[in-house]
Amino acid sequence: MVYISSWQEYQEAAEALYEKSPTTTRYCVKWRQSADGAGKLVLKITDNTTCLKFKTHSSVYLNRFDALNLSLMQKMQNRRPTQASIAPSPAPVPTTLPQTPADAPAGQPSTPTPSGPAGGGVKKKKPKKKK
(Lines give C-alpha, C1' and ligand atoms only; values in the text may rest on other atoms or scores of the structure.)
Protein backbone atom coordinates (compact mmCIF):
# COMPACT_ATOMS: atom_id res chain seq x y z
CA MET A 1 0.00 0.00 0.00
CA VAL A 2 1.36 3.35 -1.06
CA TYR A 3 0.20 6.65 0.42
CA ILE A 4 0.53 9.36 -2.21
CA SER A 5 1.05 12.84 -0.76
CA SER A 6 0.21 14.93 -3.85
CA TRP A 7 -3.44 15.10 -4.91
CA GLN A 8 -2.60 15.56 -8.59
CA GLU A 9 -0.41 12.44 -8.58
CA TYR A 10 -3.11 10.43 -6.78
CA GLN A 11 -5.85 11.51 -9.17
CA GLU A 12 -3.79 10.67 -12.26
CA ALA A 13 -2.65 7.32 -10.79
CA ALA A 14 -6.21 6.40 -9.72
CA GLU A 15 -7.68 7.14 -13.14
CA ALA A 16 -4.84 5.28 -14.86
CA LEU A 17 -5.32 2.27 -12.57
CA TYR A 18 -9.03 2.15 -13.38
CA GLU A 19 -8.36 2.49 -17.12
CA LYS A 20 -5.83 -0.37 -16.92
CA SER A 21 -8.21 -2.89 -15.30
CA PRO A 22 -11.80 -1.61 -15.00
CA THR A 23 -13.35 -4.99 -14.13
CA THR A 24 -11.21 -5.69 -11.06
CA THR A 25 -10.65 -2.17 -9.71
CA ARG A 26 -12.30 -1.26 -6.40
CA TYR A 27 -12.61 2.24 -4.93
CA CYS A 28 -13.11 2.79 -1.21
CA VAL A 29 -13.79 6.02 0.71
CA LYS A 30 -13.43 6.25 4.49
CA TRP A 31 -14.28 9.17 6.75
CA ARG A 32 -13.28 9.03 10.38
CA GLN A 33 -14.52 11.62 12.84
CA SER A 34 -12.18 12.14 15.77
CA ALA A 35 -13.10 13.23 19.29
CA ASP A 36 -11.62 16.72 18.81
CA GLY A 37 -14.04 17.44 15.92
CA ALA A 38 -11.50 17.08 13.13
CA GLY A 39 -11.95 14.35 10.55
CA LYS A 40 -9.72 12.24 8.37
CA LEU A 41 -10.55 11.33 4.78
CA VAL A 42 -8.86 8.21 3.35
CA LEU A 43 -9.28 7.24 -0.30
CA LYS A 44 -8.15 3.83 -1.52
CA ILE A 45 -8.20 2.35 -5.02
CA THR A 46 -6.93 -1.13 -5.78
CA ASP A 47 -6.94 -3.78 -8.48
CA ASN A 48 -5.62 -6.63 -6.27
CA THR A 49 -2.03 -6.04 -7.43
CA THR A 50 -1.60 -2.28 -6.95
CA CYS A 51 -3.04 -0.34 -4.03
CA LEU A 52 -3.00 3.46 -3.94
CA LYS A 53 -4.07 5.50 -0.91
CA PHE A 54 -4.51 9.19 -0.17
CA LYS A 55 -5.05 10.59 3.33
CA THR A 56 -5.93 14.14 4.38
CA HIS A 57 -7.24 16.15 7.32
CA SER A 58 -7.92 19.27 5.24
CA SER A 59 -11.35 20.27 3.94
CA VAL A 60 -9.68 21.94 0.93
CA TYR A 61 -9.64 18.57 -0.86
CA LEU A 62 -13.42 18.07 -0.75
CA ASN A 63 -14.06 19.76 -4.12
CA ARG A 64 -11.22 17.81 -5.69
CA PHE A 65 -12.53 14.61 -4.13
CA ASP A 66 -15.98 15.35 -5.58
CA ALA A 67 -14.47 15.90 -9.04
CA LEU A 68 -12.55 12.60 -8.81
CA ASN A 69 -15.73 10.75 -7.78
CA LEU A 70 -17.62 12.25 -10.71
CA SER A 71 -14.84 11.31 -13.13
CA LEU A 72 -14.60 7.72 -11.86
CA MET A 73 -18.39 7.26 -11.82
CA GLN A 74 -18.65 8.44 -15.42
CA LYS A 75 -15.94 5.97 -16.43
CA MET A 76 -17.67 3.19 -14.49
CA GLN A 77 -20.93 3.95 -16.30
CA ASN A 78 -19.07 4.27 -19.62
CA ARG A 79 -20.51 7.73 -20.19
CA ARG A 80 -19.06 11.08 -21.09
CA PRO A 81 -20.18 14.36 -19.52
CA THR A 82 -23.02 16.01 -21.42
CA GLN A 83 -23.76 19.69 -21.80
CA ALA A 84 -26.87 19.26 -19.62
CA SER A 85 -24.80 18.05 -16.67
CA ILE A 86 -22.21 20.81 -17.08
CA ALA A 87 -24.54 23.80 -17.49
CA PRO A 88 -28.18 23.16 -16.55
CA SER A 89 -30.64 24.92 -18.82
CA PRO A 90 -33.78 26.59 -17.47
CA ALA A 91 -36.93 24.49 -17.47
CA PRO A 92 -39.24 25.12 -20.44
CA VAL A 93 -42.37 27.10 -19.70
CA PRO A 94 -45.60 25.36 -20.78
CA THR A 95 -47.50 27.40 -23.36
CA THR A 96 -50.91 25.81 -22.78
CA LEU A 97 -52.93 25.83 -19.62
CA PRO A 98 -53.95 22.51 -18.06
CA GLN A 99 -57.45 21.40 -18.90
CA THR A 100 -60.18 21.23 -16.32
CA PRO A 101 -62.41 18.13 -16.21
CA ALA A 102 -65.26 20.07 -17.89
CA ASP A 103 -63.01 21.18 -20.77
CA ALA A 104 -61.48 17.72 -21.38
CA PRO A 105 -62.55 15.90 -24.54
CA ALA A 106 -64.94 12.99 -24.07
CA GLY A 107 -62.33 10.41 -25.18
CA GLN A 108 -59.83 11.31 -22.44
CA PRO A 109 -60.36 10.28 -18.82
CA SER A 110 -60.34 13.10 -16.32
CA THR A 111 -58.00 13.02 -13.34
CA PRO A 112 -59.72 12.94 -9.96
CA THR A 113 -59.27 15.92 -7.69
CA PRO A 114 -58.59 15.36 -3.99
CA SER A 115 -61.33 16.31 -1.58
CA GLY A 116 -61.22 16.93 2.14
CA PRO A 117 -58.42 18.38 4.23
CA ALA A 118 -55.10 18.89 2.48
CA GLY A 119 -52.95 17.40 5.24
CA GLY A 120 -54.16 13.81 5.09
CA GLY A 121 -52.94 11.10 7.40
CA VAL A 122 -53.12 10.70 11.14
CA LYS A 123 -52.49 13.54 13.54
CA LYS A 124 -49.50 13.05 15.84
CA LYS A 125 -50.20 12.73 19.53
CA LYS A 126 -48.51 15.13 21.90
CA PRO A 127 -46.15 13.59 24.47
CA LYS A 128 -47.15 13.57 28.14
CA LYS A 129 -45.80 16.38 30.28
CA LYS A 130 -43.10 15.46 32.77
CA LYS A 131 -43.84 16.24 36.40
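See the structure printed just above.
Residues numbered from 1 in each chain as written. Predicted model: local features only at pLDDT ≥ 70, side-chain atom pairs only at ≥ 80, totals over all residues. Heavy atoms only, no water.

> Sorry if this is basic, but what is going on with unusual backbone geometry here?
Excluding glycine, residues mostly have negative phi values, and the peptide bonds linking residues are mostly trans. Of note, the phi angle at Asn48 is positive, near 75 degrees, even though the residue is not glycine. Take Asn48: it is sitting in the loop between β3 (39-46) and β4 (51-56). Taking the relative accessible area as the measure of exposure, Asn48 reaches 55% and is therefore exposed. (Helix = DSSP H or I, 4+ residues; strand = E, 2+ residues; numbered from the N terminus. Buried < 20%, exposed > 50% of the residue type's maximum accessible area, 1.4 Å probe, protein only.)

> Before we go on, may I ask you to explain the pattern of salt bridges in this structure?
Pairing is possible between side chains of opposite charge, provided their charged atoms come close. The full count for this structure, using the stated rule, is three salt bridges. Close ionic contact of Glu15 with Lys75 constitutes a salt bridge, the shortest N to O distance being 3.7 Å. Of this pair, Glu15 sits in helix α1 (residues 7-20) while Lys75 is found in helix α2 (residues 62-76), placing the two residues 60 residues apart along the sequence. Judged by its relative accessible area of 18%, Glu15 falls in the buried class. The exposure class of Lys75 is partly exposed, given its relative accessible area of 27%. Here the salt bridges do not stand alone but share partners, grouping Glu15, Glu19 and Lys75 into one network. (Salt bridge = Lys/Arg side-chain N within 4 Å of Asp/Glu carboxyl O.)

> It is not clear to me how the packing of α1 against α2 should be interpreted in this structure. Could you clarify?
Packed helices, taken two at a time, are described by the angle between their axes plus the distance between the axes. At a minimum axis separation of 11 Å, α1 and α2 run at an interaxial angle of 10 degrees. Between α1 and α2, the crossing angle belongs to the class labelled roughly parallel. Residue-level inspection shows Trp7, Tyr10, Gln11, Glu15, Tyr18 and Glu19 of α1 in contact with α2, the latter providing Arg64, Phe65, Leu68, Ser71, Leu72, Lys75 and Met76. A breakdown of the residues in the contact of α1 with α2 according to their chemical character gives seven nonpolar, two polar and four charged. (Axes fitted to C-alpha atoms, helices over the stretch in contact; angles between N-to-C directions. Parallel < 35°, antiparallel > 145°, perpendicular 65-115°, else oblique. Contact = heavy atoms within 4.5 Å. Nonpolar A, V, L, I, M, F, W, Y, C, P; charged D, E, K, R; others polar.)

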